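Summary of the model geometry
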Amino acid sequence: MAVVGGGVIGLACAWRLAQRGASVRVFDPAAGAGASHAAAGMLAPVTEVHHGEEPLLALNLASAQLWPAFAAELVEAAGIDVGYRTGGTLAVALDDDDLRSLDELRGFQESLRLSVTRLTSRECRAREPSLSPRVRGGVLAANDHQVDSRLTVQALLAAVERSGVTLVRESVTALSVTGRAVTAVHTTSGPHPCRSVVVAAGSWSADIDGSPPAVMPPVRPVKGQILRLRFDPAAAPLQGTVRGLAAGRSVYLVPRSHGELVVGATVEEVGFDTTLTAGAVHDLLQAAIDLVPEVAELELVEATARLRPGTPDNAPLLGPTGLDGLVLATGHHRNGVLLAPITAEVIVSVVTAGTVPPVAVGFDPGRFQRCISA
Ligand SMILES: Cc1cc2nc3c(=O)[nH]c(=O)nc-3n(C[C@H](O)[C@H](O)[C@H](O)COP(=O)(O)OP(=O)(O)OC[C@H]3O[C@@H](n4cnc5c(N)ncnc54)[C@H](O)[C@@H]3O)c2cc1C
């Protein structure tokens with residue numbers, strides 16, 4: 001079988017499928033270099049919850065629960081520490097308006113019975129002494145954790161190789177379809193016959209020719225600019241992930257134990273554009289420094305822009321399509337790292353048993369088609 005795309009989603013699916021005995025080829029000219037390369041690695045179903053995205057919450061929570069075992073198994077399989085860190089996420093507010101927004105979100109989180117705790121300014125600073133004295137208060141989400149997404153991709157690449165997956169470093173340009181079934185993927189080196197194809201090509205999932213328009217995934221690119229700074233691991237500026245609102249600007253700071261501080265991220269609807277802009281870098285740094293002044297002293301080592309695969313309802317497309325053998329695992333938008341373990345489980349069930357697990361029923365790739373024809 002063929003997996004198109006070697007980001008965190010395609011690799012997680014390929015690994016799990018190979019573990020079940022499938023003969024898998026992953027096609028990708030630049031595995032790991034898409035959105036997965038930029039991701040901050042927050043595993044944050046609670047702090048990432050948005051109004052109108054309640055159906056996604058159950059999937060996010062289910063995947064967060066899988067992460068400890070997924071990380072441990074991946075470390076064992078690859079011999080690479082993926083930096084899975086518990087410790088929760090602290091969301092903080094810089095001014096009164098920011099605090100009102102944070103409290104409004106907390107009310108929503110509590111209405112969904114999510115575990116969040118309101119902290120005073122003093123309690124926030126007791127937890128994170130580097131926070132600015134201007135911080136007005138915060139909310140602790142004790143169950144939102146993090147993983148190093150780059151190490152995760154590295155580990156998945158090693159794990160798929162060890163489990164017998166072939167990585168073909170070529171782009172898939174088209175699918176061959178005979179009747180109502182997919183029969184091959186095409187690359188520049190020619191056709192590669194296969195009975196099943198998992199499309200996990202992130203923002204580019206709709207760019208593969210040959211499939212009927214009805215099964216084309218409605219995926220669009222959502223640009224994110226993100227920064228990486230360096231600190232001395234013996235003098236970490238933060239103990240754990242801090243998200244914040246600073247005079248209306250949203251930012252997050254994710255410290256890694258090896259001395260990397262990830263500061264992100266913009267959310268921009270500008271098509272397939274990955275230009276780094278001075279304004280975005282300025283705004284992210286300004287918000288980060290407003291919340292944690294010593295960030296100003298850290299070395300800025302990287303600015304990156306990548307494309308999140310967005311969908312009309314911001315939830316992924318998981319499962320079979322109207323074409324026999326064609327399965328989608330795409331559209332993970334802001335939560336692809338979080339959703340990798342559950343996505344892989346769902347795709348294994350679809351491919352090997354022909355069943356969509358109950359947790360994934362609401363993420364049927366055909367759901368927008370029905371909306372259009374209704
Ligand atoms: C700035 C930023 C921060 C983020 N932070 C987080 C976070 O903290 N937590 C979280 O859970 N998620 C986060 N995300 C979202 C997450 O990165 C994505 O949801 C996830 O990486 C999607 O994975 P993917 O494998 O579907 O796509 P990608 O990682 O984009 O991989 C797609 C792959 O498909 C390949 N490809 C494309 N076309 C073809 C083709 N025709 N043939 C073969 N291969 C092809 C590409 O080369 C690429 O490697 C963030 C995203 C961004 C941009």
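Residues numbered from 1 in each chain as written. Predicted model: local features only at pLDDT ≥ 70, side-chain atom pairs only at ≥ 80, totals over all residues. Heavy atoms only, no water.

**Observations concerning the packing of aromatic side chains**
For any pair of aromatic rings, the description rests on two quantities: the centre-to-centre distance and the angle between the ring planes. Applying the stated criterion to the full structure yields four aromatic pairs. Aromatic pair Trp 67 and Phe 70: ring centres 5.1 Å apart, planes at 75°, arrangement edge-to-face. Here the residue Trp 67 and the residue Phe 70 both occupy positions in helix α3 (residues 54-78), the gap between them amounting to three residues, near one helical turn. Summarising the burial analysis for this pair, Trp 67 and Phe 70 share the class buried. Taken together, a centroid distance of 6.3 Å and an interplanar angle of 5° make the contact between Trp 67 and Tyr 84 stacked. In this pair, Trp 67 sits in helix α3 while Tyr 84 sits in the loop between α3 and β4 (89-93), placing the two residues 17 residues apart along the sequence. (Phe/Tyr/Trp six-rings, centres within 6.5 Å; stacked < 30°, edge-to-face > 60°. Helix = DSSP H or I, 4+ residues; strand = E, 2+ residues; numbered from the N terminus. Buried < 20%, exposed > 50% of the residue type's maximum accessible area, 1.4 Å probe, protein only.)

**Some thoughts on the nonpolar core**
In this structure, Val 24, Trp 67, Leu 74, Leu 156 and Val 198 are the most contacted members of the largest nonpolar core, which totals 51 residues. Looking at this core, the elements with two or more residues in it are α1 (8-19), α3, α6 (149-162), β19 (326-330) and α8 (336-353). The leading source of residues in this core is α8, at ten residues. Non-local contacts of Leu 156, meaning those with residues more than four positions away in its chain, are made with Val 8, Leu 11, Ala 12, Trp 15, Phe 70 and Leu 74. Among the nonpolar cores identified, the runner-up in size contains 26 residues, and Cys 124, Leu 253, Leu 261 and Ala 287 belong to it. (Core = buried A, V, L, I, M, F, W, Y, C linked by side-chain atoms within 4.5 Å. Contact = heavy atoms within 4.5 Å.)

**As for the sheet that holds strand β18 (residues 317-320)**
Taken in spatial order, the six strands line up as β8-β2-β1-β12-β19-β18 in an open sheet, and their pairing is mixed. A strand with exactly one partner marks an edge of an open sheet, and here the two such strands are β8 (166-168) and β18. Across the sheet, the axes of successive neighbouring strands diverge by a mean angle of 20°, strand direction being ignored. Relative to strand β2 (residues 25-27), strand β1 (residues 2-4) runs parallel, the two being bridged by three bridges. Bridge pairing in β2 places Val 4 opposite Phe 27. (Pairing = 2+ DSSP bridges. Axes fitted to C-alpha atoms, helices over the stretch in contact; angles between N-to-C directions.)

**Concerning the domain arrangement of the protein**
Split by domain assignment, the protein resolves into domain 1 (2-78 + 149-218 + 312-373) and domain 2 (89-142 + 221-310). Computed from C-alpha coordinates alone, the two centres of domain 1 and domain 2 are separated by 28 Å. Domain 1 puts 31 residues into the contact, and the matching count from domain 2 is 28 residues. Here domain 1 meets domain 2 over a buried area of about 2500 Å², counting both sides, of which 63% is carbon and sulfur. The interface formed by domain 1 and domain 2 includes two salt bridges. For the salt bridge of Arg 150 with Glu 302, the shortest nitrogen-to-oxygen distance reads 2.6 Å. In this assembly, domain 1 and domain 2 are joined by 13 residue pairs in polar contact (both at pLDDT 80 or more). Mapped by element, the contributors of at least two residues to the side of domain 1 that touches domain 2 are α2 (35-38), α3 and α6. Class assignment of the residues belonging to the side of domain 1 that touches domain 2 gives a composition of 13 nonpolar, 13 polar and five charged. (Domains from an automatic or database assignment. Buried area = accessible area lost by both parts, 1.4 Å probe. Salt bridge = Lys/Arg side-chain N within 4 Å of Asp/Glu carboxyl O. Polar contact = N/O pair within 3.5 Å; in protein donor to acceptor, adjacent residues only side chain to side chain. Nonpolar A, V, L, I, M, F, W, Y, C, P; charged D, E, K, R; others polar.)

**Some remarks on the packing of α1 against α3**
Contact geometry of α1 with α3 gives a least axis separation of 13 Å together with a crossing angle of 75°. Taken together, α1 and α3 sit at an angle that is classed as roughly perpendicular. Between α1, through Ala 12, Trp 15, Arg 16 and Gln 19, and α3, the contact on the second element is made entirely by Phe 70, Glu 73, Leu 74 and Ala 77. Partitioned by chemical class, the residues of the contact of α1 with α3 number five nonpolar, one polar and two charged. (Parallel < 35°, antiparallel > 145°, perpendicular 65-115°, else oblique.)

**Some details on the site of the ligand**
Taken together, 37 residues form the shell around the ligand, and within it Asp 28, Ser 36, Met 42, Val 172 and His 333 come nearest. Taking Ile 9, its main chain carries an N or O atom lying 3.2 Å from an oxygen atom of the ligand. When the ligand is considered free in solution it has 1000 Å² of accessible area, and contact with the protein chains removes 95% of it. At the level of elements, α1, α2, β13 (220-230), β17 (299-310) and α8 are the ones that each hand at least two residues to the shell around the ligand. Here the element with the most residues in the shell around the ligand is α8; it accounts for three residues. Considering only residue class, the shell around the ligand consists of 19 nonpolar, 14 polar and four charged. A domain split of the shell around the ligand shows at least three residues from each of domain 1 (2-78 + 149-218 + 312-373) and domain 2 (89-142 + 221-310). (Near = heavy atom within 4 Å. Areas by Shrake-Rupley, 256 points an atom, 1.4 Å probe, with all protein chains shown as cover.)

**Things to note about the sheet that holds strand β11 (residues 190-193)**
Pairing between the strands of a sheet comes from backbone hydrogen bonds, and it takes one of two forms, parallel or antiparallel. Spatially, three strands are ordered β9-β10-β11 in an open sheet, and the strand pairing comes out antiparallel. Both outer strands of the open sheet, β9 (174-178) and β11, are each paired with one neighbouring strand and no more. On average, each strand axis in the sheet is tilted by 35° relative to the strand beside it, whichever way the strands run. When β9 meets strand β10 (residues 181-187), the two strands line up antiparallel, connected through five bridges. Its bridge partner lying in β10, Leu 175 is registered against Val 185.

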